[in-house]
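# Structural overview
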Amino acid sequence: MCYRDLKKDVKEQYGVTLTKIRAIGFSAMMHGYLAFDKAGELLVPFRTWRNTITEEAAAALTKEFSYNIPQRWSIAHLYQAMLNKEEHVKDIAFFTTLAGFIHWKLTGEKVLGVGDASGMFPIDSNTKDYDAAMLDKFDALAEPYGFDWSLRDILPKVLVAGENAGTLTAEGARLLDTDGELEAGIPVCPPEGDAGTGMAATNSVAVRTGNVSAGTSVFAMIVLEKALKNVHTEIDLVTTPSGEAVAMAHCNNCTSDLNAWVNLFEEFANSFGMKIDKNELFSVLYNKALEGDADCGGLLAYNYFSGEGITAFDEGRPLFARTPDAKFNLANFMRVHLFTALGALKDGLDILLKEEGVQIDKMYGHGGLFKTPVVGQRIMAAAIDTPVSVMETAGDDVIKVEIPTYLLKCIKKKTEIDTVVSAVDLAIEEFSLEFAKKLDEIKDFKTCQYAIVENYVIPELYHIDLDRIDFSPVKDLLSIRFCNGFDDSRFLKANLKSVKNHKDEFYACLYLIRMKDLPAKIEWLMNDF
């Protein structure tokens, strides 16, 4: 359905039938258990990360490996099936995650991105592959069962970001495009999980950066600069898409109960004939929480729609309670439900930040909880006692072009300019695709006065004469490309130049922005690095 809608949009907006794509990638929820036999047939129904039925196996593997194996991990599901003496286990030829399954069906390749793989079985960040010693330990546990497979045989191959993960097959193309117009041979990147997607989306893949994804479930991930001192059953150890170690506090429950209450308020309004925009309803109710008492007026709520491993609950029972003298009003009601959405997460982060002394330079928030400006950010920061930034997308206000690192000091020659043409084109393409339905805004962007903003990040203690860097040819290129050949670069002028020192990073970005939008976007531009 997603591809069908994409194809339809391209046809409607550009009059072009989609037949080729530069590259494809698939991401899906991590963990769970999809087991197949030699004929490629599914052996048992999909067991997801929310099937908290592997307590015995998870505890046994954690003890055996001296490494936390949560209940939702694929290896816990496999071992629990073995302990349960389930008939299908002897017939397993391959098992994988949801993203790995989709990738397999579309490319024929049984591979997995290292981040997603780290939610199946522990990864050695030095080798960027499954931990060899733990593989041996598992095979020793499985030996008495007499299976004709070893764990190495049935796990998907691990790949890091950028490695060849195959191409779209003719059969895969037909599965994506039932009209048969999509061509085979399109490169497909290693399939990743939602954790890796969140890291990439928030630019939280460097050491000492972190992100919080808050939606139906909630998890916080921090890229580690050194190994944890102890094993904690509340903490997952996964990796970035490039294989660096990440500590993750993952909770099964976040906004499901909160959303149910918002739906109740919507039903109440509809009963009076009031049709309220859902986004506006969320905004009003969330902002109301900021008016509540610091202690939520003595109200108490638990948001457990399902079991919660981090606090050792096997099943969910949403609960709201109050004492007769509690301050029961809308502000406190919304406030307590926003805070309880993050309650279990705080337990996990307290372990990392207070017991393990993990250091964070930047923490970003994303997901449904943060769609209402400020509110989710403030509640999250208060819950985890750590400043949280929300990555505001450039949206219809900014076109951003990242300049290749090695060109930062020498963008002068035509050959050097040519190397950033693809970056410029990609930025414009993404802008146009995302806002194709806002044709009035695109038209306005093509005729208004612009500012070009320069943003540099250079390593600490590094000095560079920024005045000698000449980006004017790239500015002209950006203007010409976006304006379909009309050179209005006479309107372009450098309005803001910001420089930041940050560890060993070295890059630059250019932003094309309407002059009328510049004042409102200054803060975002200054913090986008």
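Just so it is clear, the model here is predicted, and its values are computed rather than measured.

### Regarding the overall build of the chain
- The helix and strand inventory of the chain stands at 19 helices and 20 strands.
- Among the 529 residues that make up the chain, the fraction classed as buried is 50%.
- Contacts in the chain between residues far apart in sequence, at least 24 positions, make up 72% of those at least 6 positions apart.

### Remarks on a nonpolar patch on the surface
- A cluster of nonpolar side chains, F268, F272, M274 and I276, forms an exposed patch at the surface whose accessible area comes to about 420 Å².
- Tracing the chain through its elements places I276 in the loop between α10 (256-271) and α11 (278-289).

### A closer look at the pairing of strand β11 (residues 236-239)
- Note: β11 against strand β12 (residues 245-251), four bridges, orientation antiparallel. The residue of β12 that forms the bridge with L237 is A247.
- As consecutive antiparallel partners, β11 and β12 are separated by five residues, and within that stretch G243 has a phi angle of approximately 100°, a positive value.

### Focus: the confidence of the model for the chain
- Here the chain averages 83 in pLDDT, while 77% of its residues score no lower than 70.
- Scored below 50 in pLDDT, residues 405-417 shows 25 contacts in the model against residues more than four places distant or in partner chains.
- Segment residues 436-440: pLDDT under 50, and seven contacts once partners within four positions in sequence are set aside and those in other chains are kept.

### Observations concerning the packing of aromatic side chains
- Tallied over the full model, the rule gives 21 aromatic pairs.
- When the ring of Y145 is compared with that of F147, the centres are 5.5 Å apart and the planes differ by 10°; the resulting orientation is stacked.
- By way of ring pairs, the aromatic residues W261, F265, F320, F328 and F333 are connected into one cluster.
- Sitting over the face of the ring of W104, K105 holds its NZ or CZ atom 4.6 Å from the ring centroid.

### Considerations on the pattern of salt bridges
- Tallying each qualifying case throughout the model produces 17 salt bridges.
- Taking the shortest distance from any N to any O, the salt bridge between D139 and R152 comes out at 3.8 Å. Of this pair, D139 sits in helix α6 (residues 132-142) while R152 sits in helix α7 (residues 151-154), and the two are 13 residues apart along the sequence.
- K229 is the partner of E356 in a salt bridge, and the nearest nitrogen-oxygen pair spans 3.6 Å. Within this pair, whereas E356 is found in the loop between α13 (343-355) and β15 (362-366), its partner K229 is found in the loop between β10 (218-223) and β11, the two being separated by 127 residues in sequence.
- Given a relative accessible area of 6%, E356 falls into the buried group.
- Each of K7, D177, D179 and E181 takes part in one network of salt bridges that share partners.

### Side note on the side chain of D177
- Here D177 shows up in the loop between α8 (170-176) and β8 (192-193).
- When its relative accessible area of 2% is taken as the criterion, D177 is described as buried.
- Separated by 3.1 Å, the side chain of D177 and the backbone nitrogen of D179 make a polar contact.
- Of the polar contacts made by the side chain of D177, one reaches the backbone nitrogen of L182; its length is 2.9 Å.
- The contacts of D177, once residues within four sequence positions are left out, are Y3, K7 and L182.

### Remarks on unusual backbone geometry
- Of note, the phi angle at K85 is positive, near 55°, even though the residue is not glycine.
- Along the chain, K85 turns up in the loop between α3 (74-83) and β3 (94-96).
- Residue classification places K85 among the exposed positions, given a relative accessible area of 69%.
- Phi is positive for A312, close to 65°, though the residue is something other than glycine.
- Here A312 is to be found in the loop between β13 (300-302) and β14 (319-321).
- Of the residues examined, A312 reaches a relative accessible area of 66% and is grouped as exposed.

### Section: the state of the cysteines
- For the coordinates displayed, the defined rule picks out zero disulfides.
- We note that C251 lacks a disulfide partner, and the nearest cysteine sulfur, in C254, lies 8.2 Å from it.
- Relative accessible area serves as the criterion here: at 0%, C251 is assigned to the buried category.

### As for the nonpolar core
- By size, the foremost hydrophobic cluster in this structure holds 48 residues, and its most contacted members are L345, L369 and M380.
- With residues near it in sequence (within four places) discarded, M380 still touches V212, A214, L342, L345, L369, F370 and V388.
- Listed in part, the 45 residues of the second largest apolar core include I75, M82, V89 and Y130.

### A word on the side chain of N211
- Along the chain, N211 turns up in strand β9 (residues 209-214).
- Judged by relative accessible area, which is 0%, N211 ranks as buried.
- What N211 contacts, discounting residues up to four positions off in sequence, is G198, M199, T202, S204, F219, A220, M221, M363, Y364 and H366.

### Topic: the pairing of β12
- Within β12, six of the seven residues are buried, leaving the element largely enclosed by the surrounding structure.
- Relative to β12, β10 is paired through six bridges, and the arrangement is antiparallel. Counterpart to V223 in the pairing with β12 is V246.

### Focus: helix α9 (residues 194-201)
- Within α9, burial applies to A195, G196, G198 and M199. When α9 is viewed along its axis, its buried side chains cluster within an angular range of 160° and face the same direction. With respect to the buried face of α9, the exposed residues turned more than 90 degrees away are A200 and A201.
- Residues of α9 that are buried sit in contact with β8, β9, β10, β11, β12 and β15.
- Where α9 terminates, the next one or two residues include N203, which has phi positive at roughly 55°.

What counts and what doesn't
- Residues numbered from 1 in each chain as written.
- Predicted model: local features only at pLDDT ≥ 70, side-chain atom pairs only at ≥ 80, totals over all residues.
- Heavy atoms only, no water.
- Helix = DSSP H or I, 4+ residues; strand = E, 2+ residues; numbered from the N terminus.
- Buried < 20%, exposed > 50% of the residue type's maximum accessible area, 1.4 Å probe, protein only.
- Contact = heavy atoms within 4.5 Å.
- Patch = residues over 30% accessible without salt bridge, like charges linked within 9 Å, V, L, I, M, F, W, Y side chains within 5 Å.
- Areas by Shrake-Rupley, 256 points an atom, 1.4 Å probe, with all protein chains shown as cover.
- Salt bridge = Lys/Arg side-chain N within 4 Å of Asp/Glu carboxyl O.
- Pairing = 2+ DSSP bridges.
- pLDDT = per-residue confidence, 0-100.
- Phe/Tyr/Trp six-rings, centres within 6.5 Å; stacked < 30°, edge-to-face > 60°.
- Lys NZ or Arg CZ within 6 Å of the ring centre and 35° of its normal.
- Polar contact = N/O pair within 3.5 Å; in protein donor to acceptor, adjacent residues only side chain to side chain.
- Disulfide = S-S within 2.5 Å.
- Core = buried A, V, L, I, M, F, W, Y, C linked by side-chain atoms within 4.5 Å.
- Arc of directions from axis to C-beta.

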